[in-house]
Amino acid sequence: MSNNVEINMDNLPKHIGIIMDGNGRWAKKRGLPRHFGHQEGMKRVVDIVEAANELNIKYLTLYAFSTENWKRPKIEIDALMNLLVIFIRNELDRLNRNNVRLNILGDITPLPELPKREVLRAVDMTKNNNSMTLNIALNYGGRQEIVKSFKDILMEIQKGNINIEDLDEDTISDYLYTRNQPDPDLIIRPSGELRLSNFLIYQGAYAELWFADVLWPDFNKSWLEKAILDYQNRNRRFGGI
Ligand code: FPP
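For clarity, every value in this text was computed on a predicted model and none was experimentally measured. (Residues numbered from 1 in each chain as written. Predicted model: local features only at pLDDT ≥ 70, side-chain atom pairs only at ≥ 80, totals over all residues. Heavy atoms only, no water.)

*Asks:* Honestly, helix H3 (residues 74-97) in this entry has me stumped. Any pointers?
*Replies:* Since the α-helix packs 3.6 residues into each turn, any two residues three or four apart lie on the same face. With 24 residues, H3 should reach 34 Å at 1.5 Å per residue; the first-to-last C-alpha distance of 35 Å fits that figure. The sharpest bend along H3 reaches about 55 degrees and sits at Glu-91. Positive backbone phi, approximately 65 degrees, marks Asn-99, located one or two places after H3. (Helix = DSSP H or I, 4+ residues; strand = E, 2+ residues; numbered from the N terminus. Expected span 1.5 Å × (residues − 1). Bend = angle between axes of the 7 residues up to and from the residue.)

Structure (structure tokens):
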């Protein structure tokens, strides 16, 4: 796939979210076990992080593991956790070279020790990078995130640090995992499914949604550019006229 029209560098989405879907179907189509699809999907993570950074996207959020994904067979969960460790071990140097900061959205406390340790190490070692922020959503759910923010805000109210009268949309944003980040302008979901699946549901209130019939392991820079071009042709009104 090639795109003939140029991307307008003055109208880039600041923050792109991607629901990386279709790994299992990609493997099934080839008669392979599902984890082969995830393995190929991880290679696309590497490609798309690099491509987004080259395109000067400032925030990229990838949905890697949802709070609901624990329902999958243990062998698949183990494979995903293992891929996370491989990704960090193989890519940490490149993330640093490319000045990419790794940040996690979600509660990583229930993760097995090794992936948890590697994730925390990578977050720490990239914390001063400022070309692009790569958010990996891990054990993430949008509703759970909102519940957590309510609890944290209520604690602050109880302690007298926040007045109920001052509570507004910005207060809630400040207590989400994406605090200090712009809301996603564009949410991409490959694989043909047309839903958000609990991804950035508060932050994505005004995001442009982009769906395509391509499975994540087949997603490449051209598809990313196509999504950005389509985004640039949308008329964003934020409720105005
Ligand atoms: C959804 O496809 C994908 C996932 C649940 C996992 C995404 C993980 C990766 C791309 C690899 C590891 C990521 C990192 C950041 C190292 P699916 O399995 O639901 O596909 P299906 O709907 O076709 O079954």
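*Asks:* Help me understand the side chain of Arg-189 in this model?
*Replies:* For Arg-189, the position within the fold is in strand E5 (residues 186-190). Here Asp-21 takes part through its side chain, which lies 2.9 Å from a polar atom of the side chain of Arg-189. If we skip the residues at most four places from it in the chain, Arg-189 touches Ile-19, Asp-21, Arg-195, Leu-196, Ser-197, Trp-210, Phe-211 and Ala-212. (Polar contact = N/O pair within 3.5 Å; in protein donor to acceptor, adjacent residues only side chain to side chain. Contact = heavy atoms within 4.5 Å.)

*Asks:* Sorry, what's going on with the packing of aromatic side chains here?
*Replies:* The geometry of two aromatic rings is summed up by the distance between their centres and the angle between their planes. The tally for this structure, following the rule as stated, stands at eight aromatic pairs. Summarising the aromatic geometry, the rings of Phe-65 and Trp-70 are spaced 4.9 Å apart at their centres and angled 75 degrees between planes, so their arrangement reads as edge-to-face. With centroids separated by 5.6 Å and ring planes inclined at 50 degrees, the aromatic side chains of Tyr-206 and Phe-238 adopt a geometry described as tilted. With Tyr-206 in the loop between E5 and strand E6 (208-212) and Phe-238 in the segment after helix H7 (221-232), this pair connects stretches of sequence that are 32 residues apart. (Phe/Tyr/Trp six-rings, centres within 6.5 Å; stacked < 30°, edge-to-face > 60°.)

*Asks:* When you look at unusual backbone geometry in this model, what are you seeing that I'm missing?
*Replies:* Most peptide bonds take the trans configuration, and most residues that are not glycine carry a negative phi. The backbone of Ser-191 shows a phi angle near 90 degrees, a positive value even though the residue is not glycine. Note that Ser-191 resides in the loop between E5 and E6. For Ser-191, a relative accessible area of 6% puts it in the buried group. One non-glycine residue, Leu-200, lies in positive phi territory at about 45 degrees. Relative to the assigned elements, Leu-200 resides in the loop between E5 and E6. (Buried < 20%, exposed > 50% of the residue type's maximum accessible area, 1.4 Å probe, protein only.)

*Asks:* Looking at this structure, I do not really get the packing of H3 against helix H4 (residues 113-125). What am I missing?
*Replies:* Geometrically, a packed helix pair is captured by the angle between its two axes and the distance between the axes. As a packed pair, H3 and H4 sit with axes 9 Å apart at the nearest point and diverge in direction by 15 degrees. The angle between the axes of H3 and H4 places the two elements in the roughly parallel class. Seen along the crossing, H3 lies across H4 with a hand that is left-handed. Of the residues in H4, those touching H3 at Met-81, Leu-84, Val-85, Ile-88, Arg-89, Leu-92 and Asn-96 are Leu-114, Pro-115, Glu-118, Val-119, Arg-121, Ala-122 and Met-125. Residues of the contact of H3 with H4, tallied by class, amount to ten nonpolar, one polar and three charged. (Axes fitted to C-alpha atoms, helices over the stretch in contact; angles between N-to-C directions. Parallel < 35°, antiparallel > 145°, perpendicular 65-115°, else oblique. Left-handed = near helix turned anticlockwise from the far one by under 90°. Nonpolar A, V, L, I, M, F, W, Y, C, P; charged D, E, K, R; others polar.)

*Asks:* In this structure, what is going on with the site of the ligand? I would like to understand it.
*Replies:* In the region of the ligand, 18 residues are neighbours, and Met-20, Gly-24, Arg-25, Arg-34 and Arg-72 sit closest. Contact distances for the ligand include 2.8 Å between an oxygen atom and a side-chain N or O atom of Arg-34. A distance of 2.8 Å separates an oxygen atom of the ligand from a polar side-chain atom of Arg-72. Protein contacts shield 91% of the accessible area of the ligand, which totals 630 Å² for the unbound molecule. At the level of elements, helix H1 (23-29), helix H2 (34-54) and H3 are the ones that each hand at least two residues to the shell around the ligand. Broken down by element, the shell around the ligand gets its largest block of residues, four residues, from H2. Taken together, the residues that form the shell around the ligand break down as eight nonpolar, six polar and four charged. (Near = heavy atom within 4 Å. Areas by Shrake-Rupley, 256 points an atom, 1.4 Å probe, with all protein chains shown as cover.)

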